[in-house]
Amino acid sequence: MASSIEFVEYVCDQLSGAGNITYKKMFGEYGLYCDRKFFATVEDDRFYVKITEEGQAFLEDPVIVEPHEGSQMFLIEELEDRGFLAELARRTCSGIKPGKVDYKKEYKDLYVPKAKPSLVQVPEMAFIMVDGKGDPNTSQEYKDALELLYGLSYSIKMSKMGGDPPEGYFEYVVPPLEGLWETGNSVQDGQAQEANGQVFQKEGIGDKDQFVWTSMIRQPEFVTEQVFLQAKEQLAAKKPELDVSAARFVVWEEGLCVQAMHKGPYDEEPATIEKIHKFLKTSGFVTDFSKERRHHEIYLSDPRRTAPEKLKTVLRFPVRESD
């Protein structure tokens, strides 16, 4: 059950004595900030605070829970005492050292799956996306797309240098490149789309010149359409040769998927894909490919600096329960 906006605003009001309290949509729930420092979440209408030594000393006997996989936090059930909540927020934030948010480390369930396939519920998040077609190894269109994606992503990251960073800005590591893939022979009816997805599952990589792709990079929670448009203006002025109109800002919830870590060259992905296919046969789920939900890859390694046998790529397919 997602949190209600009324509950989120109530908690923020109760915390207001600690400083400038703001919230942002985060992974389908809400992240809370005190003076632009991320310190708490609201998930399923419950209030959680980051674990720090300062906060633990103040709480004396805190309740530690895991509101989402891979993240332990303090559960705070006393919400009536505004003074208590403000002091807790102040002390917690005093123990949070300035640092960069690294999504790969913060959300290992999304970025560091095991080699054995498993189900994952992928929440809502923001992306900058560029669409194209052709072999990524030889296509100039693909190279241009990556230059545009990284140019925009780093323009946003470095916006702090202008003296007026976006509201809610925090230090972060630019997330990894991702891609949605299909072959160029898909049509709009569901049966043909499912068959198109099977090209990746059973028949290997196929003709790379026929690939239709969407390359994308996730953006931090403070990025809005307006922040994106400002980044486009800045990049266009800096690199007028880039077609910034090819990029779009999308807030996307991928939903239920199966994923696995592939280790090795990209051309050997069919072996991992076959593991996913075998997992689905016994799990009660089937692939659920559509125009929006496609073969998804997350590139954790830089192929320019990593030996092919050491490349790490998250492979993810959309799924649904079988009929």
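Everything numeric in this text was worked out from a predicted model, so none of it was measured.

Asker: Sorry if this is basic, but what is going on with the pairing of strand 10 (residues 247–263) here?
Answerer: As a general feature of sheets, a regular strand has side chains that alternate between the two faces. Counting buried residues along strand 10, twelve of its 17 residues qualify, which places the element largely inside the surrounding structure. The sheet contact formed by strand 7 (residues 118–133) and strand 10 spans twelve bridges and is antiparallel. Looking at the pairing, F127 lines up with V250 of strand 10. The pairing of strand 10 with strand 13 (residues 312–321) spans seven bridges and is antiparallel. Counterpart to C257 in the pairing with strand 13 is P318.

Asker: What's the story with the confidence of the model for the protein in this structure? I'm lost.
Answerer: Note that predicted coordinates carrying low pLDDT should not be read in detail. For the protein, per-residue confidence averages 90 on the pLDDT scale, and residues scoring 70 or more make up 93% of the total. Across residues 186–199 the pLDDT falls below 50, and counting only partners more than four positions away or on other chains, this stretch makes 20 contacts in the model.

Asker: Could you clarify how one ought to interpret the packing of aromatic side chains in this entry?
Answerer: Working definition: an aromatic ring pair is given by the centre-to-centre distance plus the angle between the planes. Going through the model one piece at a time under the given rule, you end up with 16 aromatic pairs. Ring centres of Y266 and Y299 lie 5.8 Å apart, and the angle between their planes is 85 degrees; this geometry places the pair in the edge-to-face category. Taken together, the residues Y266 in the loop between strand 10 and helix 9 (269–283) and Y299 in strand 12 (residues 295–299) connect sequence positions 33 residues apart. By relative accessible area, which is 11% here, Y299 ends up buried. Here the guanidinium or amino end of K157 rests over the ring plane of Y172, the centre of that ring lying 5.1 Å away.

Asker: Got a minute to help me understand the environment of G134 in this structure?
Answerer: By the element assignment, G134 lies in the loop between strand 7 and helix 6 (140–157). Note on G134: relative accessible area 10%, which makes it buried. Expressed as a C-alpha distance, the spacing of G134 and D207, which sit 73 residues apart in the sequence, is 9.3 Å. Each residue touching G134, except ones within four places of it in the same chain, is listed here: S139, K208, D209, F211 and W213.

Asker: Can you help me understand the sheet that holds strand 6 (residues 71–76) in this one?
Answerer: Two modes of strand pairing occur in sheets, parallel and antiparallel, and in both the strands are linked by backbone hydrogen bonds. Reading across from one edge, 1-2-3-4-6-5 is the order of the six strands in this open sheet, with antiparallel pairing throughout. Edge positions in the open sheet fall to strand 1 (21–26) and strand 5 (63–68), since each of these has one partner strand only. Ignoring which end each strand starts from, the neighbouring axes of this sheet average 40 degrees apart. Direction of pairing for strand 2 (residues 29–34) relative to strand 3 (residues 37–43): antiparallel, over a ladder of five bridges. Paired with L32 across the strands is A40, a residue of strand 3. Contacts from helix 1 (residues 5–14) reach strand 1, strand 2, strand 3 and strand 4 (46–49) within the one sheet, and its direction differs from that of strand 1 by about 150 degrees. Running at roughly 130 degrees to strand 3, helix 3 (residues 82–94) makes contact with strand 2, strand 3, strand 4 and strand 6 of the sheet.

Reading guide: rules and limits
Residues numbered from 1 in each chain as written. Predicted model: local features only at pLDDT ≥ 70, side-chain atom pairs only at ≥ 80, totals over all residues. Heavy atoms only, no water. Buried < 20%, exposed > 50% of the residue type's maximum accessible area, 1.4 Å probe, protein only. Helix = DSSP H or I, 4+ residues; strand = E, 2+ residues; numbered from the N terminus. Pairing = 2+ DSSP bridges. pLDDT = per-residue confidence, 0-100. Contact = heavy atoms within 4.5 Å. Phe/Tyr/Trp six-rings, centres within 6.5 Å; stacked < 30°, edge-to-face > 60°. Lys NZ or Arg CZ within 6 Å of the ring centre and 35° of its normal. Axes fitted to C-alpha atoms, helices over the stretch in contact; angles between N-to-C directions.

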